[in-house]
Amino acid sequence: MRYWGGWVRSCVLGAVLMSSGMAWSGGATLSEGIEAFEVGDYSEALKAFRPLAESGNADAQNFLGFLHHRGFGMAADPSVAVAWFRKAALQGHADAAYSLGVSLHRGDGVKRDDVEAAIWLRKAADGGVAEAWRVLSVLQRKGAGVPKDEEAALQTLLRGAELDDPVAQYQLGERLLNDEGVGEQKKRDKQAAYWLEKAAKQGHGKAQALIGMLYRKGRGVPRDPNVGIKWFGRSVEEGPVADQFQVGMTYEQGLGGVTRDRAKAALWYQRAVTRRHGEAAFRLSALYRHGRGVVKDPQQAEALLQQAATWGYGGARTALQRRVEAERQRVEAASRPREKPPGGKLGEKYWRSAKSGNAEAQYQLGLVLSAPQEGVRDPGAAARWFLKAAAQGHAKAQYNLGVMAFQGDGVPWDDKEAVRWYRASAQKGFADAQNNLGYMIQEGRGTAKDLVEARRWYRAAAKQGNANAQYNLGVMYEQGDGVAKDKVQAMKWYWKAAESGAPRAQYSIGQMYAEGYGAGVPRDQTRAVTWFRKAADQGYAEAQRALGDRYAQGRGIARDSAQAMDWYHKAAQQGDAKAQERLAAFLEERKKTDQDLSLAYAWRRKAAEQGLMEAQFHLGEMFEMGRGIKMDEVKAYSWYHKAAQRGHVDAQQAVASLHVRGGGVPQDYESALKWYRRAVQGGSRKALSSVALIYAEGLGTPQDRVMGYLWAHAGREAYAHGEPGRSDAEETLMSIQGMMPDSELERARRMVPSWRPGDVMAEQ
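Residues numbered from 1 in each chain as written. Predicted model: local features only at pLDDT ≥ 70, side-chain atom pairs only at ≥ 80, totals over all residues. Heavy atoms only, no water.

### Here's the deal with the overall build of the protein
Here is step 1 of the chain: On a plain count of helices and strands, the protein comes out with 41 helices and 0 strands.
Here is step 2 of the chain: For the protein, the C-alpha atoms occupy an extent of roughly 115 × 60 × 60 Å along the three principal directions.
Here is step 3 of the chain: Residues classed as buried in the protein amount to 50% of the 764 residues present.
Here is step 4 of the chain: For the protein, the share of sequence-separated contacts (at least 6 apart) that also reach a separation of at least 24 residues comes to 49%.
Here is step 5 of the chain: Accessible area for the protein stands at about 35400 Å²; split by element, carbon and sulfur atoms hold 49% of it.
Here is step 6 of the chain: Here the protein contributes 107 positive and 90 negative side-chain charges, whose respective centroids are spaced 7 Å apart. (Helix = DSSP H or I, 4+ residues; strand = E, 2+ residues; numbered from the N terminus. Buried < 20%, exposed > 50% of the residue type's maximum accessible area, 1.4 Å probe, protein only. Contact = heavy atoms within 4.5 Å. Areas by Shrake-Rupley, 256 points an atom, 1.4 Å probe, with all protein chains shown as cover. Lys, Arg positive; Asp, Glu negative; His and termini not counted. Charge placed at Lys NZ, Arg CZ, Asp CG, Glu CD.)

As structure tokens, then:
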């Protein structure tokens, strides 16, 4: 079996030139040779460089070595290249010394000699070639040609970083974060942050993401979520649409300590909208509707809401349905006689007292109209009666007004108004309001974020037995949100909430027993199952899914596939995407009847439409193979592509494969290479063999059978003997070997001991 793939390998050997007007008698100048090379006239470039090189010009010798190594204007010959690099290096040419050192280290055109390689790399490094410091660091870490010395390797990498090499700066920062080096970790964290920020400022994407994380956590730098999200945003400007949406959410809601900025949120949502992200369109619609962060534009808001619904976002569809229902209710309410008691017989019970100013009756009438047992629901009228009672200091009416303002139900959506009413009710001691006020303050919604005050309100409600507040306190202690992490304290508050029957808390206790946190919270899978069951029996979807997992895996309870499917089904019916996918997998594996495959497709589709990338990938497989559904490669590609964009490695390979063979999309090797490249970065072993064939057959990249052999060899060695996949990789290697003349094969085999795919990928 063959696998197709690719990774474009950039030039390894340096060729930084010093332009010169010097010429040999009757010949061309160095600059003329360079000009010929730049326009692709390699024959003229050779004519210019060779006499100059033979007369001793070090720049020409270095460039001539580069041409021989790459095979420009002639057959590639690394041994001749090495000879020219050596001539230039002996004259003190730093770039030639680097190229010579790399060739010696890899055994490319010369017998491998790490001792001599280290000598030339040191000369190149001393001559200002930053990359040489990086390669020297690798030799020191491996103990190749120099004594093995991790600390010295770190110091050598530091030299490259000091020369402003962003890759060295990123690698140095990453190693310091991973406990490499001496001294206290806090000091290493500061050093790591320093170098990562330097690399990030030069546009290094991974460094930008990592320094963003450090600022959000306050590791090595002062904690500043605003700076953190700024760097993270720069790293994902062209990245996955889900990450772009998350940046928008962070700015809109002020999550994780980030200052709320709806204008920035709108910009990030707009990026995601251009890539058809339904929830981003929905949230951007709300910003335009209320003029938050953007100029108020009802028409644009309506267009975005319609787009969100068209793209399958459930919240948008619900909003449109509510609008139709509200208009129907408004028309019906308008048609009723003005003096007729609202809310049917139950409303009539309170109406007269409410009209006369009785606050409790006004509150009760508001309840009838907001969640009626008789009559037509009228949230606007409910809000008006709650307001009358709230003005008289009725705590529950104040709380309900807060809820309605938070939800935009019966009154305009307004977080500040929600906070105002929650606070009024909370100050009167109403526990539900205290809990909700704590949440608003914790998230910085409608008020300044203040974790200390949020915890104070949670605790006030928790002491009154409010299960939600007890659960929220548990979360703060478990996550260390505004307080030192304390799993024992978290368990204490979860337990209190669980005793009141709160399913979220019961589920959390199950999770803590499943993971275990030392003596305070021991790992106990049997207890975990017990608590998952308590929450699952109350219909809590995540617990139902967790219980299904336990039955499927036999963890803490005997394995039972029928029970696993039953619990997955319960969670799936509530819309839990992961449960929907797991149920689909069970049905597909069981496959007792054709109906099983049809049901598997139906559940998997639901999960995929919620954005679960595993479901999107497997749905693509069903369409590609016609498994339980009519084969359709166009739809297969569409679902694979959704999962691939979110980082699913197998989906990335599937997208690339369809591009290669023109399945569902036009044949496009360039796009295939891009997706195989991302699969390799994600750790795919299959893609190693795919890259090998791309090079060997020259599809989408210049043909290079030696490089193909090296990748194929790496693909085979990625599997242990007897491991599934090794035989396919072995077949690819033998196929490429059969294409190669003896001279190429011998050269490739000499390079194998020192060649690693990771070295090439790090240089991209």
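Read on for the rest.
### What about helix H39 (residues 726–739)?
Here is step 1 of the chain: The first and last C-alpha atoms of H39 sit 20 Å apart over 14 residues, in line with the 20 Å expected at 1.5 Å per residue.
Here is step 2 of the chain: Considered for burial, the residues of H39 that qualify are Arg726, Asp728, Ala729, Thr732, Leu733, Ile736 and Gln737.
Here is step 3 of the chain: Where H39 is buried, its residues meet helix H37 (686–697), helix H38 (705–717) and helix H40 (742–751). (Expected span 1.5 Å × (residues − 1).)

### Focus on the confidence of the model for the protein
Here is step 1 of the chain: Overall, the predicted model of the protein reaches an average pLDDT of 84, with 92% of residues at or above 70.
Here is step 2 of the chain: Confidence drops under pLDDT 50 across residues 1–26; counting only partners more than four residues distant or on other chains, this segment forms 93 contacts. (pLDDT = per-residue confidence, 0-100.)

### What about the packing of aromatic side chains?
Here is step 1 of the chain: Considering all chains together, one arrives at 18 aromatic pairs under this definition.
Here is step 2 of the chain: Note on Phe63 and Phe66: the rings are 5.8 Å apart at their centroids and 70° apart in plane angle, and the pair reads as edge-to-face. Remark: Phe66 and Phe63 occur in helix H3 (residues 58–70); sequence separation between them is 3 residues, near one turn of the helix. Taken individually, Phe63 and Phe66 each receive the classification buried, so the pair is uniform in this respect.
Here is step 3 of the chain: Centroid distance Tyr471 to Tyr494: 5.6 Å. Interplanar angle 35°. Geometry classified as tilted. Of this pair, Tyr471 sits in helix H25 (residues 467–479) while Tyr494 sits in helix H26 (residues 487–499), placing them 23 residues apart in sequence. Both residues of the pair, Tyr471 and Tyr494, count as buried.
Here is step 4 of the chain: Three or more aromatic residues link up through ring pairs in this structure, and these residues are Phe37, Phe49, Phe63 and Phe66.
Here is step 5 of the chain: The ring of Trp84 has Lys87 sitting right over it, with the charged end atom 5.8 Å from the ring centre.
Here is step 6 of the chain: Positioned over the ring face of Trp120 is Lys123, at 5.9 Å from the centre of the ring. (Phe/Tyr/Trp six-rings, centres within 6.5 Å; stacked < 30°, edge-to-face > 60°. Lys NZ or Arg CZ within 6 Å of the ring centre and 35° of its normal.)

### Some points on the pattern of salt bridges
Here is step 1 of the chain: Applying the stated criterion across every chain, the model contains 31 salt bridges.
Here is step 2 of the chain: Here Arg420 and Glu417 are joined by a salt bridge, their closest N and O atoms 3.0 Å apart. Linking Arg420 with Glu417, this pair stays in helix H22 (residues 415–426), spanning 3 residues, or about one helical turn.
Here is step 3 of the chain: Of the residues examined, Arg420 reaches a relative accessible area of 44% and is grouped as partly exposed.
Here is step 4 of the chain: The class for Glu417 is partly exposed, based on a relative accessible area of 29%. (Salt bridge = Lys/Arg side-chain N within 4 Å of Asp/Glu carboxyl O.)

### Comments concerning the packing of helix H30 (residues 561–573) against helix H31 (residues 577–590)
Here is step 1 of the chain: In contact at an axis separation of 8 Å, H30 and H31 are set at 140° when each is read in the N-to-C sense. Of the possible angle classes, the one that applies to H30 and H31 is oblique. Relative to H31, H30 is oriented so that their crossing is left-handed. For the pair H30 and H31, contact is made by Ser561, Ala564, Met565, Tyr568, His569, Ala571 and Ala572 and by Ala579, Gln580, Arg582, Leu583, Phe586, Leu587 and Arg590, respectively. (Axes fitted to C-alpha atoms, helices over the stretch in contact; angles between N-to-C directions. Parallel < 35°, antiparallel > 145°, perpendicular 65-115°, else oblique. Left-handed = near helix turned anticlockwise from the far one by under 90°.)

### Remarks on unusual backbone geometry
Most peptide bonds adopt trans geometry, and most residues besides glycine take a negative phi value.
Here is step 1 of the chain: For Asp164, which is not a glycine, the phi torsion comes out positive at approximately 70°.
Here is step 2 of the chain: Within the secondary structure layout, Asp164 lies in the loop between helix H8 (150–162) and helix H9 (166–177).
Here is step 3 of the chain: Asp164 sits in the partly exposed class, given a relative accessible area of 44%.
Here is step 4 of the chain: A positive phi angle, close to 65°, is found at Arg276, a residue other than glycine.

### A word on the environment of Tyr517
Here is step 1 of the chain: Tracing the chain through its elements places Tyr517 in the loop between helix H27 (503–515) and helix H28 (525–537).
Here is step 2 of the chain: Given a relative accessible area of 28%, Tyr517 falls into the partly exposed group.
Here is step 3 of the chain: Put simply, Tyr517 and Asp486 are 31 residues apart on the chain and 9.8 Å apart in space, counted from C-alpha to C-alpha.

### Things to note about the nonpolar core
Here is step 1 of the chain: Grouped together as the largest cluster of nonpolar side chains are 51 residues, with contacts concentrated most on Tyr494, Tyr507, Ile509, Leu547 and Leu583.
Here is step 2 of the chain: With 7 residues, the single largest contributor to this core is H25.
Here is step 3 of the chain: Here Leu547 is in contact with Val529, Phe532, Arg533, Ala536 and Trp567, once residues within four sequence places are set aside.
Here is step 4 of the chain: Core analysis: the next-biggest nonpolar cluster, separate from the first, contains 28 residues, Met249, Ala265, Ala272 and Leu320 among them. (Core = buried A, V, L, I, M, F, W, Y, C linked by side-chain atoms within 4.5 Å.)

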